[in-house]
Amino acid sequence: MSEKNFIIAGFGGQGVLLAGEVLANAFMLERKNVTWYPSYGAEMRGGTVNCEIVMSDDEVSEVNKADTDFVIALNQASFDRFLSKIKKGGWMIANSTLAKEIKTRADINYLFAPITKLAEEVGNIKMANILALGLLAKASRLVSLDTLNQALDIVIPPHRKHLLPLNLKALKIGYEYDLLPAGI
């Protein structure tokens, strides 16, 4: 398998960096070479935050790449900022609760899901980040739900372990979300 690049983006407080850390750890559990590169503004909560994860069977070539295979955009600003960075045939996974369903590129795949709304139904709006990882796992077929479950257990700090069952539920709901385009 060749190198794959992922960007997870949103505003501060959406758990973007945590989601990236979970994804990076999941790839490590599957014995892949991984980099995790966070980027955030000084304002933190409410400011823009993103992270890039690069995964490969071989050594990772670089971070901060010119283009990417997968983008998870948790808000409109992130959708607008990273849409042009997606490689031909790549994926935009967007939170339709906070981003308009606009398809301006015919050369990429779109998956719009009401991620925030689904997280509310799980019982905690802060689960949107992990729910989005479930969508990514299903669309990409590059990481299993089981491995993401294990990575969550590793990454969630001890004082937040009581939230693990809710995170696992959110991950499963994202993975089982049924509005993926036909043929995947």
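The preceding data block contains the structure.
Analysis parameters
- Residues numbered from 1 in each chain as written.
- Predicted model: local features only at pLDDT ≥ 70, side-chain atom pairs only at ≥ 80, totals over all residues.
- Heavy atoms only, no water.
- Salt bridge = Lys/Arg side-chain N within 4 Å of Asp/Glu carboxyl O.
- Helix = DSSP H or I, 4+ residues; strand = E, 2+ residues; numbered from the N terminus.
- Buried < 20%, exposed > 50% of the residue type's maximum accessible area, 1.4 Å probe, protein only.
- Axes fitted to C-alpha atoms, helices over the stretch in contact; angles between N-to-C directions.
- Parallel < 35°, antiparallel > 145°, perpendicular 65-115°, else oblique.
- Left-handed = near helix turned anticlockwise from the far one by under 90°.
- Contact = heavy atoms within 4.5 Å.
- Arc of directions from axis to C-beta.
- Nonpolar A, V, L, I, M, F, W, Y, C, P; charged D, E, K, R; others polar.
- Pairing = 2+ DSSP bridges.
- Phe/Tyr/Trp six-rings, centres within 6.5 Å; stacked < 30°, edge-to-face > 60°.

Asks: Just checking my understanding: could you explain the pattern of salt bridges for this structure?
Replies: Pairing is possible between side chains that carry opposite charge, provided their charged atoms lie close to one another. Inspection of the entire model under this criterion finds seven salt bridges. In this structure, the salt-bridge partner of Lys 65 is Glu 3, at a minimum N-O distance of 2.6 Å. With Lys 65 in the loop between β3 (48-56) and β4 (68-73) and Glu 3 in the segment before β1 (4-11), the pair connects residues that are 62 residues apart, well separated along the chain. The partner of Arg 105 in a salt bridge is Asp 107, with the nearest N and O atoms 3.0 Å apart. Looking at Arg 105, the relative accessible area reads 19%, which means it is buried. The class of Asp 107 is partly exposed, set by a relative accessible area of 32%.

Asks: Hey, could you run me through the packing of helix α1 (residues 16-29) against helix α5 (residues 145-155) in this one?
Replies: Angle between the axes and distance between the axes: these two values describe a pair of packed helices. Closest axis-to-axis distance for the α1/α5 pair is 8 Å, and the angle between their directions is 120 degrees. Between α1 and α5, the crossing angle belongs to the class labelled oblique. The two elements α1 and α5 meet at a crossing, and its hand is right-handed. Between α1, through Leu 18, Glu 21, Val 22, Leu 23, Asn 25, Ala 26 and Leu 29, and α5, the contact on the second element is made entirely by Thr 147, Leu 148, Gln 150, Ala 151, Leu 152, Ile 154 and Val 155.

Asks: Sorry if this is basic, but what is going on with helix α3 (residues 115-122) here?
Replies: What sets the pattern is the α-helix's 3.6 residues per turn: residues three or four places apart point alike. Turning to α3, its buried residues are Ile 115, Thr 116, Leu 118, Ala 119 and Val 122. Down the axis of α3, the smallest arc covering the buried residues is 160 degrees, so these residues share one side. Positive backbone phi, approximately 120 degrees, marks Gly 123, located one or two places after α3.

Asks: Would you mind showing me how to read the packing of α1 against helix α4 (residues 128-140) here?
Replies: Between α1 and α4, whose axes approach to 9 Å, the crossing angle comes to 40 degrees. Considering their axes alone, α1 and α4 lie oblique with respect to each other. In the packing of α1 onto α4, the handedness of the crossing is right-handed. Residue-level contacts link Leu 18, Ala 19, Val 22 and Leu 23 of α1 to Asn 129, Ile 130, Leu 133 and Leu 136 of α4. Here the contact of α1 with α4 is built from residues that sort into seven nonpolar, one polar and no charged.

Asks: Help me understand the sheet that holds strand β6 (residues 109-113) in this model?
Replies: Note: strands within a sheet are paired through backbone hydrogen bonds, in either parallel or antiparallel orientation. Here we have six strands laid out as an open sheet, ordered β2-β3-β1-β4-β5-β6, and mixed in their pairing. The sheet terminates laterally at β2 (33-40) and β6, the two strands that pair on one side only. When strand polarity is set aside, the average angle formed by the axes of neighbouring strands in this sheet is 15 degrees.

Asks: Before we go on, may I ask you to explain the pairing of β3 in this structure?
Replies: Within a regular beta strand, the side chains point alternately toward one face of the sheet and then the other, so they alternate between its two faces. Where burial is concerned, most of β3 is hidden: eight out of the nine residues are buried. Alignment of β1 against β3, held across eight bridges, turns out to be antiparallel. Opposite Lys 4, over in β3, you have Met 55 as the bridge partner. Pairing geometry for β2 and β3, over eight bridges, is antiparallel. Bridging from a neighbouring strand, Tyr 40 pairs with Val 49 of β3.

Asks: Please clarify how the packing of aromatic side chains should be interpreted in this entry.
Replies: Pairs of aromatic rings are described using the distance from one ring centre to the other and the angle between the two planes. Here the structure, examined in full by the defined rule, presents four aromatic pairs. Between Phe 6 and Phe 27, the ring centres sit 5.3 Å apart and the planes meet at 35 degrees, which makes this aromatic pair tilted. In this pair, Phe 6 sits in strand β1 while Phe 27 sits in helix α1, placing the two residues 21 residues apart along the sequence. Each of the two residues, Phe 6 as well as Phe 27, counts as buried. Arranged with centres 5.9 Å apart and planes meeting at 35 degrees, the rings of Phe 79 and Phe 112 form a pair that is tilted. One end of the pair, Phe 79, is in helix α2 (residues 76-82); the other, Phe 112, is in strand β6, and 33 residues separate them in sequence. Taking the relative accessible area as the measure of exposure, Phe 79 reaches 3% and is therefore buried.

Everything listed here is a matter of geometry and, on its own, says nothing about what the molecule does.
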